[in-house]
Structures are given as C-alpha cells and as structure tokens.
Amino acid sequence: TEQQRQQHLGGSSSSSSSSSSSQSQQIASLDFLTSGAERRALDMLEARRPGDLIVTLEQAAAIEADSKFLDERDEEITRVARAVDDISHIFKELAVLVIDQGTILDRVDFNMEAVAERTRHATTQLLRAEAHDKDKRPLKTVLSLLLLVALLALILFLKLEKNRRREVGARRRC
C-alpha cells in the first residue's frame, strides 16, 4: 500500500516528470485527508516543483514531531536560562549580604579587641589602686593610734586638771 500511495503521489522518478495538472488532480483526489500532518504534506505536494524531494506522510509526521520536540526543547532551554538568571541574581544578592556581614563582623572584632584592651588597662589600674591602698593602711593605722593616744592624753590631762582644781579648792576651804 505504501508503494501504491507513493506512485499515486508521484513518488517514483518516472512520475516526477509528469505534468503539474495531473499531480493537482491526484492531490485533489486525496482531499479526504483532513488531519494537520496529512494536510501539510498535501500542501507541500501541491507546492512541489519538478526536481523537489517528495516527503511521505510518515516523514511529514516525523518532521512535525521533531518540530514539536524542538519547540518544547527550546521552551525548556528558555526556562532553564531564566532559572539560571534567577539563581545568578540570588547569588549576587547573597554576595552583597556576605560582604555586609563581613563588614559587621570586622566591626564586632574591632570592638572586642578594644574591650579586651580596656579591660586589661582597667585591671592594671585596679591592681595599682589596691597596692596604693595597701601601702596606706599601715600609715592610717599609725595615724589612728597616734590620734587615739593624743585624745587619751588630753582626757588624762583634763581629768588631772579637774582633780588638781578640786584639791586646790579643798585646800582653800580647809
């Protein structure tokens, strides 16, 4: 049946030299084919010139399938390209965030070093103050004791003076 259809469509090399009017009549007799692929094959046969290659219905269907496959593949490649572009944009934003966080970390690191240095300086100052305070403790103790002795001496002097006045007053009365 395939050979008959090719002969009917002018597929043999001997029928390629036949006139275009007989070919149009043959094609017109195949108008009952209405599906898209067959219709395109018939249109290609009508537009055919002597010496052109003849495409069979199977070849036209294969070309149509390949064309659909290529269109789908092109759409998928376009989707992949968009996805890659989106990912590229995400990575650029991520790079900006990493740089910003790096700057923040540098500031935190600098502040931590400053805190550590100030803490060491404060510790040194506290040790000096404690040593200075320890050096004054014996002096404070001695001064406190001298003040206490002077106070006791004053109290003793006043008491003795009071007793002496009593004695003088008692002698005068007697």
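Residues numbered from 1 in each chain as written. Predicted model: local features only at pLDDT ≥ 70, side-chain atom pairs only at ≥ 80, totals over all residues. Heavy atoms only, no water.

**A look at the overall build of the chain**
In terms of helices and strands, the chain carries four helices and zero strands. For the chain, the N- to C-terminal ordering of α and β elements is α-α-α-α. The 174 residues of the chain split such that 8% are buried. Nonlocal contacts in the chain, meaning residues at least 24 apart in sequence, comprise 39% of its contacts between residues at least 6 apart. Element-wise, carbon and sulfur atoms account for 61% of the exposed surface of the chain, whose accessible area totals about 14900 Å². (Helix = DSSP H or I, 4+ residues; strand = E, 2+ residues; numbered from the N terminus. Buried < 20%, exposed > 50% of the residue type's maximum accessible area, 1.4 Å probe, protein only. Contact = heavy atoms within 4.5 Å. Areas by Shrake-Rupley, 256 points an atom, 1.4 Å probe, with all protein chains shown as cover.)

**Points about the confidence of the model for the chain**
In this model, the chain carries an average pLDDT of 78, and 68% of its residues clear a pLDDT of 70 or more. At the level of individual helices and strands, the chain shows its lowest average pLDDT in helix α1 (residues 2–9), which scores 46, and its highest in helix α4 (residues 57–173), which scores 89. (pLDDT = per-residue confidence, 0-100.)

**Notes on the pattern of salt bridges**
With the rule as written, the count across this model stands at three salt bridges. We note a salt bridge from Glu117 to Arg120, for which the minimum N-O separation is 3.0 Å. Placement of the pair is Glu117 and Arg120 together in helix α4, with a separation of three residues, close to one helical turn. Put simply, Arg165 and Glu161 hold a salt bridge, and the shortest N to O gap is 3.8 Å. Residue Arg165 and its partner Glu161 are both found in helix α4; the two are separated by four residues, about one turn of the helix. Using a relative accessible area of 19% as the deciding quantity, one classes Glu161 as buried. (Salt bridge = Lys/Arg side-chain N within 4 Å of Asp/Glu carboxyl O.)

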